[in-house]
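Spelled out, the chains give:
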Amino acid sequence: MSDKRLTFKKRLHILKHHYRDKKMAPAFNAIHTFLFSPDDTTHSGAHVRGADDLKRTMNMVIMALLPVLLFSMFNAGYQYYAAIDAANNVSREFSLWDTFLTWDNFWIGIIKVLPLVVVSYGVGLLVEFIFAIIKGHEVEEGYLVTGMLVPLIVPIDTPLWMLAVAVVFGVVIGKEVFGGTGMNILNPALTIRAFLFFAYPTWMSGDKVWVYQAVERTGTADAISGETVLGALAQNNLAELNYSVSDMFFGFIPGSVGETSTFLILLGGLFLIYSKIASWRIMLSAVIGSLVMGLIFNLVVDMGVISEASNFYGLMSFEYWKHLLVGGLAFGIVYMATDPVTGSQTNKGKWIYGFLIGFMSVMIRVFNPAYPEGVFLAILLMNVFAPTIDHYVVKANINKRLKRFKNATILPKDSDSKAEELKAETV
Amino acid sequence: MSKDIRIRKGLNINLVGAAEQTTAKAVLSNVYAINLEDFHGITPKMLVKQGAEVKAGEPLFFNKSDEAMLFVSPVSGELVEIKRGARRKILSLKILADKTQSIVEHGGFDTEKATSAEVKAHLLKTGCWPFIKQRPYDIIANPDTNPKSIFISGYTTAPLAADCDYVLQGKEKELQAAITALGKLTPGKVHVSVGANSSSPLAGLNGIELHKVSGPHPAGLVGTQINKLDPINKGEVVWTVSPQDLVVIGELLLTGKFNAERKIALAGSSVKAPKYYTTKIGAEIATFLYASGVNNDNFRVINGDVLTGAKSRPDGHLGFYNNTVTAIPEGDDYEMFGWALPVFNKVSTTRALTFSWLNPKKKYDLNTNTNGEHRAFVVTGQYEEVFPLDIFPMQLLKACMIKDLDEMEQLGLYEVAPEDFALTEFICISKQPHQKIIREGLDLLYKEIG
């Protein structure tokens, strides 16, 4: 090995010193530390340090997302061809190897999903680098995860220019104005998603953008459906809903690019819990929260409070546990609610925070007439309230300390004789 | 009634190079040094001039804010150097030792009969007072305060630190004398803790409240024990003394002589034969480091343990409070894709392709690399896993960083010392300097309120 590698390492080391204190230093360091973990040694405090750094932590999340991304690339094609067959009244049998994991399906993924990833990373990292250079701080790793999340939570037919505009908005307004990674109040990926939703509502909330080409073909003889499960439920089109529970669980349904496979998301979530990267408290309590809300709605339907003609009947009568299988709920719980920066930071707070996310997601999902999905709104809302939750959790600790203080008998300062006297009494 | 302490949260960092329990006598050091950084917050006023001859136990300087508090020379010899830094701040004093040592005789002291005031005056006069530290603020105890209790931890959990049970062997008499004297200084109790299964000489002393401690580091830190037994409220003061300093105090009370000799552990993976040495406070580290041999040239000498010690050098000197000297490899090298590859040779509390959880007993050869760059606080919930105190660690750190005095107070800054944050600093993914943040927070609070 490696005289060559040594010289490469050496050369980079020399370059690092060359760039030190120069404008481009953050940009160079970002690339350098990607290739080599730095030669920094400890200067104050503990002389040895644990093995984890932020890059490693973020990398874990990306690893947990990769299966989802791969699946979504196949699913993009699968949904496309399935919609065409459905439009032509051709019945098809599902088979994992023959109709799902096919090159044709994957090709659609390459031409539709991959560009989303490239644009998301390209634009987002560019903004990050520019800000790092202007403000003279290191490029922090936050966007590595955000950049992967964004393409997975948008509809497949999102135009790339829209995505680019949204990413710029999300990174600048959602993160950089607060001071960069670790300082933001709202989850940047969800800020981007919310921007897309509110800036281009007619495009984003239709029932066509979920399947490749569904929008383009509208009104032509080749029109295909792009409706999601939630969309159908919101329209009370229960009859059209021909997806089995296993389809929904494994993710062979239309939806935002990466949100469909609850199975893979579950695996990713278990991986993140096992590697101690994401909070199991948030995930578990969010699942509980969504089940509770779903149960309440089911109960309302069972008690006959609303009729089948009601606008909400479709979603309210949807069995409570199925909410976790459709839409972005599972994805949001595992990958977005657990964002440590924007979530609750105390362990007790995480329980409350997670529960309310699950609870609100299902509530908004059912009651939102414009767009039958509530996860991103619920998480953004709870992002705003997370500091408040933490405030009360921390306050409890403070009050405990104050109470202890009030009950304590503070000794008189100084005075030796007093000390002696007190001692005499206690003996 | 004694209360036992069981700690669950924490982390034992097992390192290669623990000191073998045999003791050698270190070569006599030619030059001894007192490093003023050891006495945090003390402004020294010199009593002797450069070039003067001093005896062992003779005062070198006093505390500017308390003239009675004297700091003495560990050996007899000539004060050859007063090293000054910016604004003539005294950094260190160097004493060239005499061939034959002469010691100041303070005479016998009847500890049993002495009053609290007499004990205080005696300890201040003889230079033993600086061994007593106080919380809040983690500084040398203010003799004018009235501590609600005194804590002594005889349980060692810090990585590679000198084993208290071993270094205290045979020192029962000295320890008892010191405990008796300290007992007069507080209306409260003298809490002494030992390991659950230890045979510490501390366990048999009279006039103490004995506690058995078990659990991973930081169970052995006095801050953890205070928090579990008798947490500090605003306005209260607790004093702490480390056991090996008790021996010096005890010997002075018994014999009237300030004996700076102590048994220290020389440890770390860069030391060829790590073991214990008897030497004196201020001795040059090289006098025992090279006797054990070193593995390579690129190592760091630490005055203290790897978590809380001060960076030193082979020609540095044993610190006033230290009974451990550690030498570990410097980590000033790059690692290709170090952030992405699986890690088998480093310690971690996560399982992010780090595998130290597989074998908790494995010993590691850690170096001084930071394993990543400084970042803003991002990840939450990880400090709490290794922080057993009833305090929110990250919130307290943030309060210190933004200098919010009210919050620092409310969140419990009075109860902690920088060393309590060594473990959270160790595992910190954002590589934040926790101990420095806490130290600066304490200094600010002391300046504004204390």
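As the structure is a prediction and not an experimental result, all values here were calculated from the model.

1. Focus on unusual backbone geometry
Move 1: Residue Arg 135 of chain B is joined to Pro 136 of chain B through a cis peptide bond whose omega torsion reads 0 degrees.
Move 2: Mapped onto the elements, Pro 136 of chain B comes out in the loop between strand E10 (133-135) and strand E11 (139-140).
Move 3: Residue Pro 218 of chain B follows His 217 of chain B across a cis peptide bond; omega there is 10 degrees.
Move 4: Position of Pro 218 of chain B among the secondary structure elements: in the loop between strand E14 (209-214) and helix H4 (222-229).
Move 5: Unlike most non-glycine residues, Asp 21 of chain A shows phi in positive territory, near 65 degrees.
Move 6: With respect to the element layout, Asp 21 of chain A can be found in the loop between helix H1 (3-19) and helix H2 (25-35).
Move 7: Positive phi values are uncommon outside glycine, yet Gln 213 of chain A reaches one of about 75 degrees.
Move 8: Classification of Gln 213 of chain A as buried rests on a relative accessible area of 15%.

2. Remarks on a nonpolar patch on the surface
Move 1: Together, Trp 280, Leu 284, Ile 288, Val 292, Ile 296, Trp 351 and Ile 352 of chain A make up a nonpolar patch on the protein surface, roughly 560 Å² of accessible area in all.
Move 2: Considering the arrangement of structural elements, one finds Leu 284 of chain A in helix H13 (residues 280-302).

3. As for the interface of chain B and chain A
Move 1: Listed by partner, the interface residues are 89 residues for chain B and 73 residues for chain A.
Move 2: Interface area for chain B against chain A, summed over the two sides, is near 7,200 Å², with a carbon-plus-sulfur share of 55%.
Move 3: Of all residues in chain B, the largest losses of buried area upon contact with chain A belong to Tyr 334, Trp 339 and Arg 375 of chain B, amounting jointly to 14% of the total for that side.
Move 4: Our enumeration of links across chain B and chain A arrives at 8 salt bridges.
Move 5: Residue Glu 141 of chain A pairs with Arg 375 of chain B through a salt bridge whose shortest N-O separation is 2.7 Å.
Move 6: Where chain B meets chain A, there are 42 residue pairs in polar contact (both at pLDDT 80 or more).
Move 7: Every element with two or more residues in the side of chain B that touches chain A is listed here: helix H1 (116-126), strand E18 (299-303), strand E19 (310-312), strand E21 (335-336), helix H7 (393-401), helix H8 (405-410), helix H9 (422-427) and helix H10 (434-448) of chain B.
Move 8: Per-class residue counts for the side of chain B that touches chain A are 35 nonpolar, 28 polar and 26 charged.

4. Quick notes on the sheet that holds strand E8 (residues 77-84) of chain B
Move 1: Read from one edge to the other, the open sheet built from 4 strands follows the order E3-E9-E8-E5 (chain B), with strand pairing classed as antiparallel. Among the strands making up the open sheet, the edge pair consists of strand E3 (31-35) and strand E5 (53-54) of chain B.

5. What about the packing of aromatic side chains?
Geometry of an aromatic ring pair is reported as the spacing of the ring centres plus the angle between the planes.
Move 1: Overall, the coordinates contain 51 aromatic pairs over all chains when judged by the stated rule.
Move 2: Ring geometry for Tyr 137 of chain B and Tyr 414 of chain B: centres 6.2 Å apart, planes at 75 degrees, overall edge-to-face. Taken as a pair, Tyr 137 of chain B in the loop between E10 and E11 and Tyr 414 of chain B in the loop between H8 and H9 lie far apart in primary sequence, 277 residues in all. For the pair shown, Tyr 137 of chain B and Tyr 414 of chain B are each scored as buried.
Move 3: Taken together, the ring pairs in this structure connect Phe 71, Phe 74, Tyr 78, Phe 94, Phe 100, Trp 103, Phe 106, Trp 107 and Phe 252 of chain A into an aromatic cluster.
Move 4: One residue, Lys 263 of chain B, lies across the ring of Tyr 166 of chain B, its end atom 4.4 Å from the ring centre.
Move 5: For the cation-ring pair, Arg 351 of chain B lies above Trp 357 of chain B, with the distance from its terminal atom to the ring centre recorded as 4.9 Å.

6. Focus on the side chain of Thr 260 of chain A
Residue and element names in this part refer to chain A.
Move 1: Looking at where Thr 260 falls in the secondary structure, it is placed in the loop between helix H11 (245-250) and helix H12 (262-274).
Move 2: The class for Thr 260 is buried, based on a relative accessible area of 2%.
Move 3: A distance of 3.0 Å separates a polar side-chain atom of Thr 260 from the backbone oxygen of Gly 251.
Move 4: In this structure Thr 260 touches Phe 71, Asn 75, Met 248, Gly 251, Ile 253, Pro 254, Gly 255 and Leu 325, once residues within four positions along its chain are discounted.

7. A look at the pairing of strand E20 (residues 324-329) of chain B
Move 1: Across the 6 residues that make up E20 of chain B, a large majority, 6, are buried.
Move 2: Residues Thr 324, Thr 326 and Ile 328 of chain B of E20 of chain B are buried on one face, and the alternating residues Val 325, Ala 327 and Pro 329 of chain B, pointing to the opposite face, are buried as well.

8. As for the packing of H13 of chain A against helix H16 (residues 347-367) of chain A
All names here are of chain A.
Move 1: Interhelical geometry of H13 versus H16 gives an angle of 35 degrees and a closest axis separation of 7 Å. Every pair of crossing elements has a handedness; the one defined by H13 and H16 is right-handed.
Move 2: Counted by class, the contact of H13 with H16 contains 17 nonpolar, 7 polar and 2 charged residues.

9. With respect to the domain arrangement of chain A
Residues and elements named next belong to chain A.
Move 1: What the domain assignment reports for chain A is domain 1 (7-35), domain 2 (67-226) and domain 3 (250-403).
Move 2: Here the C-alpha centre of domain 3 lies 21 Å away from the C-alpha centre of domain 2.
Move 3: Contacts between the two partners involve 38 residues from domain 2 and, on the opposite side, 28 residues from domain 3.
Move 4: Sorting the residues of domain 2 by area buried against domain 3 places Val 68, Phe 71 and Leu 190 first, and these three jointly supply 22% of that buried surface.
Move 5: At the junction of domain 2 with domain 3, the criterion picks out 0 salt bridges.
Move 6: Elements with a contribution of two residues or more to the side of domain 2 that touches domain 3: helix H3 (54-87), helix H4 (96-100), helix H5 (103-135), helix H6 (142-152) and helix H8 (188-199).
Move 7: Looking at the side of domain 2 that touches domain 3 element by element, the count peaks at 8 residues for H8.
Move 8: Of the residues that constitute the side of domain 2 that touches domain 3, the class distribution is 28 nonpolar, 9 polar and 1 charged.

10. What to know about the confidence of the model for chain A
All names here are of chain A.
Move 1: Across chain A, pLDDT averages 88, with 93% of residues at or above 70.
Move 2: No element of chain A has a lower mean pLDDT than helix H18 (residues 416-426), which averages 47, and none a higher one than H12, which averages 96.
Move 3: Scored below 50 in pLDDT, residues 417-427 shows 13 contacts in the model against residues more than four places distant or in partner chains.

11. Focus: H10 of chain B
Residues and elements named next belong to chain B.
Move 1: Across its 15 residues, H10 extends 21 Å between first and last C-alpha, which sits within 8% of the 21 Å expected from 1.5 Å per residue.
Move 2: Along H10, the positions that sit buried rather than exposed are His 434, Gln 435, Ile 437, Ile 438, Arg 439, Gly 441, Leu 442, Leu 444 and Leu 445.
Move 3: Close packing links the buried residues of H10 with E11, H7, H8 and H9.

12. Here we look at the nonpolar core
Move 1: If you look at the biggest cluster of nonpolar residues, it comprises 225 residues, and the most contacted ones within it are Phe 331 and Tyr 335 of chain A together with Phe 39 and Trp 129 of chain B.
Move 2: With 17 residues, H3 of chain A is the largest single contributor of residues to this core.
Move 3: Leaving out residues up to four positions away in the same chain, Phe 39 of chain B has contacts with Ile 34, Phe 61, Phe 71, Pro 130, Ile 140, Phe 320 and Tyr 321 of chain B.

About the criteria used
- Residues numbered from 1 in each chain as written.
- Chains lettered and ligands numbered in written order.
- Predicted model: local features only at pLDDT ≥ 70, side-chain atom pairs only at ≥ 80, totals over all residues.
- Heavy atoms only, no water.
- Helix = DSSP H or I, 4+ residues; strand = E, 2+ residues; numbered from the N terminus.
- Buried < 20%, exposed > 50% of the residue type's maximum accessible area, 1.4 Å probe, protein only.
- Patch = residues over 30% accessible without salt bridge, like charges linked within 9 Å, V, L, I, M, F, W, Y side chains within 5 Å.
- Areas by Shrake-Rupley, 256 points an atom, 1.4 Å probe, with all protein chains shown as cover.
- Salt bridge = Lys/Arg side-chain N within 4 Å of Asp/Glu carboxyl O.
- Contact = heavy atoms within 4.5 Å.
- Buried area = accessible area lost by both parts, 1.4 Å probe.
- Polar contact = N/O pair within 3.5 Å; in protein donor to acceptor, adjacent residues only side chain to side chain.
- Nonpolar A, V, L, I, M, F, W, Y, C, P; charged D, E, K, R; others polar.
- Pairing = 2+ DSSP bridges.
- Phe/Tyr/Trp six-rings, centres within 6.5 Å; stacked < 30°, edge-to-face > 60°.
- Lys NZ or Arg CZ within 6 Å of the ring centre and 35° of its normal.
- Axes fitted to C-alpha atoms, helices over the stretch in contact; angles between N-to-C directions.
- Left-handed = near helix turned anticlockwise from the far one by under 90°.
- Domains from an automatic or database assignment.
- pLDDT = per-residue confidence, 0-100.
- Expected span 1.5 Å × (residues − 1).
- Core = buried A, V, L, I, M, F, W, Y, C linked by side-chain atoms within 4.5 Å.

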